[in-house]
Amino acid sequence: GYASHEWSLAAIMDEAQTYMFGNCLWLLIFTMAWYTHEFLRQQKRLLEVEKKQIELELNFLKHQINPHFLFNTLNNLYGLALKQASETPESILKLSSILRYLLYESNTTHVRFSKEKEVIRAYVDLEMLRVRDQLNLTLHVDADRDYEIPPLLWLPVLENLFKHGTRH
């Protein structure tokens, strides 16, 4: 049968207290889980924004270097062509390889150091056309292994070296 249960004020208060404690505990657990999820989502979004910012800065550097370098190199090649210098064809090939690298091969997050080294060497050779009579400069580019590095990492450094370091 049916058992009768007598409800007293103390029993009702005890049941209500147990019910409220259980609900508060579940509310606390779900609130903590929601805040943890939200925190992790915000962290992920922040990392994505930082990554985009780095990519934008790198692209800005690429676009900043290209016109200045191209203008100077074309002027140097024009001077070589006027003198009918023997290094004109090779210099045009070096410029072509740098432009190919800038346009097609540097749109990745990392490149092999050996590939970047080729571009550095070609860049230095082309800049030396402009300053070779003024400087006795030798550049050695080596690494202990073929690292993966961001493309065009060293070009701003070299550009500043030739821009500011060749004044005197």
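About the thresholds
Residues numbered from 1 in each chain as written. Predicted model: local features only at pLDDT ≥ 70, side-chain atom pairs only at ≥ 80, totals over all residues. Heavy atoms only, no water. Salt bridge = Lys/Arg side-chain N within 4 Å of Asp/Glu carboxyl O. Helix = DSSP H or I, 4+ residues; strand = E, 2+ residues; numbered from the N terminus. Buried < 20%, exposed > 50% of the residue type's maximum accessible area, 1.4 Å probe, protein only. 1 Å grid on protein atoms, 1.4 Å probe; cavity = no way out; pocket = protein on both sides within 12 Å on 5 of 7 lines; lining within 4 Å. Points joined across faces, edges and corners; volume = space filled by probe spheres on them. Nonpolar A, V, L, I, M, F, W, Y, C, P; charged D, E, K, R; others polar. Polar contact = N/O pair within 3.5 Å; in protein donor to acceptor, adjacent residues only side chain to side chain. Contact = heavy atoms within 4.5 Å. Phe/Tyr/Trp six-rings, centres within 6.5 Å; stacked < 30°, edge-to-face > 60°.

**Student:** Can you explain the pattern of salt bridges? Please cite residues and give values.
**Tutor:** One pass over the structure, following the stated rule, counts nine salt bridges. Two residues, Lys 115 and Glu 105, come together in a salt bridge whose shortest N-O distance is 3.5 Å. In this pair, Lys 115 is assigned in helix H3 (residues 113–131) and Glu 105 in helix H2 (residues 88–105), connecting sequence segments ten residues apart. Glu 105 gets classed as partly exposed once you look at its relative accessible area, which sits at 30%. One continuous salt-bridge network, built from bridges that share partners, spans Glu 90, Lys 94, Arg 121 and Asp 125.

**Student:** Account for the layout of surface pockets, naming residues and giving values.
**Tutor:** Taken as a whole, the second largest pocket spans an internal volume of roughly 160 Å³. Taken together, Phe 113, Ile 120, Val 141, Asp 142, Ala 143, Ile 149, Leu 153, Trp 154, Val 157 and Leu 158 form the lining of the second largest pocket. At the level of secondary structure, the elements contributing two or more residues to the lining of the second largest pocket comprise H3 and helix H4 (155–164). The residue inventory of the lining of the second largest pocket, partitioned by class, reads nine nonpolar, no polar and one charged.

**Student:** Talk me through the side chain of Glu 116; I want residue IDs and the actual numbers.
**Tutor:** Of note, Glu 116 is situated in helix H3. Polar contacts involving the side chain of Glu 116 include one to the main-chain amide nitrogen of Leu 153, which spans 3.2 Å. Apart from the residues lying within four places of it in its own chain, the contact partners of Glu 116 are Tyr 101, Val 111, Ile 149, Pro 150, Pro 151, Leu 152, Leu 153 and Trp 154.

**Student:** Describe the packing of aromatic side chains, naming the residues involved and giving the relevant values.
**Tutor:** According to the stated counting rule, one finds two aromatic pairs in the structure shown. Here the aromatic rings of Trp 34 and Tyr 35 are separated by 4.9 Å at their centres, their planes lie at 75 degrees, and the arrangement is edge-to-face. Exposure remark for Tyr 35: the relative accessible area of 52% places this residue in the exposed category.

**Student:** Go over unusual backbone geometry, please, and point to the residues and values.
**Tutor:** The backbone of Gln 84 sits at a positive phi, close to 55 degrees, despite the residue not being glycine. You can see Gln 84 is positioned in the loop between helix H1 (9–83) and H2. The phi torsion at Leu 152 lies on the positive side, around 60 degrees, for a residue other than glycine. Within the secondary structure layout, Leu 152 lies in the loop between strand E2 (148–149) and H4.

**Student:** Any details on the environment of Lys 163? Residues and values, ideally.
**Tutor:** Secondary-structure assignment places Lys 163 in helix H4. In this structure the C-alpha to C-alpha distance between Lys 163 and Glu 127, which are 36 residues apart in sequence, comes to 9.7 Å.

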